[in-house]
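Breakdown of the fold
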Amino acid sequence: PLSLVPDVNLNSVFCLPNSECWAVGDPSSGELILRNSSGATWNRQTAIAGIPDVILHSVFCLTTSDCWAVGNVSGGEVIIHWNGSAWSRVGPSAAPDVNLNSIFCIVANDCWAAGASGTIIHWNGKSRSHSIETGGEICNDIYFFTATNGFVAGSNGQIRRWNGVAWSTIYTTGTQIWQEVQAISNGDGLV
């Protein structure tokens, strides 16, 4: 165990092909962001002013200078961005009081976050907007194979698909809680 982060939950890890990895979680105080840029040693990142006591649920990186993480804090959702030298909060709030559980970016100006209340938020490189909010379900994971082929899975047995224009329910059982969704090809995915 890392002496820097005793007794914490790690919720997500993402590694780039060059061996740089990021992990996020929820310690007892202050947000938790770990970085491993050498392939050997993890280092805790400096706390981000303005978002103390943040629980981070998911991290996703496009490059070593373009990473995103989402989570929640009292008073609203949290979306933060790494620009290669520092993390900063992206705002203003598009979904106040919503826990965000997952983030996925297709390219730098096409990122999606999903969370509680069936909330799915889209980032177009300049601003965030609600893509959908169903109210009852909890979106646990979001994954895109292409810009016109994305999936979100969560509670109430719901699996939704993005076709480039709108989200639609493609599978529902009403009972399962889906935790993660991945696609290995355009026509082959797993939940």
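Note that the structure is a prediction, hence the values are computed from the model and not measured.

Our next topic: the nonpolar core. With 32 residues, the main nonpolar core has Trp68, Ile120, Ile142 and Trp167 as its most contacted residues. Secondary structure elements with two or more residues in this core: β6 (66-73), β9 (100-107), β10 (110-115), β11 (119-123), β13 (139-146), β14 (149-154) and β15 (159-162). Once residues lying within four places of it in the same chain are set aside, the contact partners of Trp167 are Trp112, Ile120, Ser131, Ile132, Ile142, Phe144, Gly150, Phe151, Val152, Arg160, Arg161 and Trp162.

Take the state of the cysteines next. Throughout the structure, instances matching the rule amount to 3 disulfides. Disulfide partner of Cys15: Cys21, at an S-S distance of 2.0 Å. On the sign convention where negative is left-handed, the bridge of Cys15 and Cys21, at about 115° about the S-S bond, is right-handed. Cys21 gets classed as buried once you look at its relative accessible area, which sits at 11%. One disulfide bridge connects Cys61 with Cys67, the sulfur atoms lying 2.1 Å from each other.

This part covers the pairing of strand β12 (residues 128-133). In the sheet, β11 pairs with β12 via 5 bridges, with the strands oriented antiparallel. Directly across from Ile121, in β12, lies its bridge partner His130. Counting the residues in the hairpin turn of β11 and β12 gives 4 residues, including Gly125, whose phi is positive at 100°.

What follows concerns the pairing of β10. The buried fraction of β10 amounts to 6 of the 6 residues, a majority that puts the element mostly inside the structure. Covered by surrounding structure in β10 are Asp110, Trp112 and Ala114 together with Cys111, Ala113 and Gly115, the residues of both alternating faces. When β9 meets β10, the two strands line up antiparallel, connected through 6 bridges. Along β10, the bridge assignment pairs Phe104 with Trp112. Two successive antiparallel strands, β9 and β10, enclose a turn made up of 2 residues. Of the pairings in the sheet, the one linking β10 to β11 comprises 4 bridges and is antiparallel in character. Of the residues in β11, the one forming a bridge with Ala113 is Ile121. In this antiparallel pair of consecutive strands, β10 and β11, the connection spans 3 residues, and Ser117 shows a positive phi of 60°.

Procedures and definitions
- Residues numbered from 1 in each chain as written.
- Predicted model: local features only at pLDDT ≥ 70, side-chain atom pairs only at ≥ 80, totals over all residues.
- Heavy atoms only, no water.
- Core = buried A, V, L, I, M, F, W, Y, C linked by side-chain atoms within 4.5 Å.
- Buried < 20%, exposed > 50% of the residue type's maximum accessible area, 1.4 Å probe, protein only.
- Helix = DSSP H or I, 4+ residues; strand = E, 2+ residues; numbered from the N terminus.
- Contact = heavy atoms within 4.5 Å.
- Disulfide = S-S within 2.5 Å.
- Pairing = 2+ DSSP bridges.

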